[in-house]
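So the chains spell out like this:
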Amino acid sequence: MKKTILTCCMLLVSLFTLAGNGIVVSEGSTSFLREYESANVVFHWDQGTWDITRPLTDHWGSEFERMTSVAERFFVDGFNETSKKLRLSEKPGKFRLEVAITNLSCFSSPLPFLTGYRHRVSGSITVIDNNTGKTVCVIFIDSFVGGRDTDFNDSYTECMEDLGKGIANL
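Time to look at helix α4 (residues 152–168). Its 17 residues give α4 an end-to-end C-alpha distance of 25 Å, which sits within 8% of 24 Å, the value for a rise of 1.5 Å per residue. Taken residue by residue, α4 has Ser 155, Tyr 156, Thr 157, Cys 159, Met 160, Glu 161, Leu 163, Gly 164, Gly 166, Ile 167 and Ala 168 as its buried positions.

So, in structure tokens, the structure goes:
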């Protein structure tokens, strides 16, 4: 019995280790992350959907503005907490990050010992050099899954914070 449990645990650890984080650089380089500069971030939620079925504006309704501003704040906080050099701010900087969120969804764990919600986000980030107007990097976000939390809203903010940290760690 001990061998079976140990084998299952090792299999789970292997699967989690091999699983990608859903963040892929599809064009350009992440060298901008290693510059002592600032960047402003602009979010585009207009094409975003909830679980690929309904627009975010319909899903959140009157809460749309609040939910998007909370997500943006947690993304910036997560990025700045992790990044050693580049800093995101509201002021124009050398770079501009255009973040387009295309899909959000949430799921809960089917396993009884891993309870809680996890949010999944998809989209893209285009990094533009404000001095030249040229695209420096394009980052594709394919079903990035944030941390687990027992509160639905905390899971959402944790996902956006984890996304910011994931981008800073590229």
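A few words now on the pairing of strand β6 (residues 95–108). Across six bridges, strand β2 (residues 38–44) lies against β6 in parallel orientation. Looking at the pairing, Phe 43 lines up with Val 99 of β6. Pairing between strand β3 (residues 49–50) and β6: two bridges, direction parallel. When the bridges of β6 are listed, Thr 49 appears paired with Asn 103. In the sheet, β6 pairs with strand β7 (residues 117–129) via 13 bridges, with the strands oriented antiparallel. The residue of β7 that forms the bridge with Asn 103 is Ser 122.

Relative to the helices and strands, Asn 103 is located in strand β6. Within polar-contact distance, the side chain of Asn 103 engages the backbone nitrogen of Ile 52 at 2.8 Å. Discounting residues that sit within four places of it in the chain, Asn 103 has contacts with Thr 49, Trp 50, Asp 51, Ile 52, Arg 120, Val 121 and Ser 122.

Turning next to the packing of helix α3 (residues 64–82) against α4. The interhelical angle for the contact between α3 and α4, taken along N-to-C directions, is 40°, at an axis separation of 7 Å. On the basis of their axis angle, the class for α3 and α4 is oblique. Regarding α3 and α4, the two cross each other, and that crossing is right-handed. For the pair α3 and α4, contact is made by Met 67, Thr 68, Val 70, Ala 71, Phe 74, Phe 75, Gly 78, Phe 79, Glu 81 and Thr 82 and by Asn 153, Tyr 156, Thr 157, Met 160, Glu 161, Leu 163, Gly 164, Lys 165, Ile 167 and Ala 168, respectively. Within the contact of α3 with α4, the residues separate by chemical class into 11 nonpolar, six polar and three charged.

Calculation notes
Residues numbered from 1 in each chain as written. Predicted model: local features only at pLDDT ≥ 70, side-chain atom pairs only at ≥ 80, totals over all residues. Heavy atoms only, no water. Helix = DSSP H or I, 4+ residues; strand = E, 2+ residues; numbered from the N terminus. Expected span 1.5 Å × (residues − 1). Buried < 20%, exposed > 50% of the residue type's maximum accessible area, 1.4 Å probe, protein only. Pairing = 2+ DSSP bridges. Polar contact = N/O pair within 3.5 Å; in protein donor to acceptor, adjacent residues only side chain to side chain. Contact = heavy atoms within 4.5 Å. Axes fitted to C-alpha atoms, helices over the stretch in contact; angles between N-to-C directions. Parallel < 35°, antiparallel > 145°, perpendicular 65-115°, else oblique. Left-handed = near helix turned anticlockwise from the far one by under 90°. Nonpolar A, V, L, I, M, F, W, Y, C, P; charged D, E, K, R; others polar.

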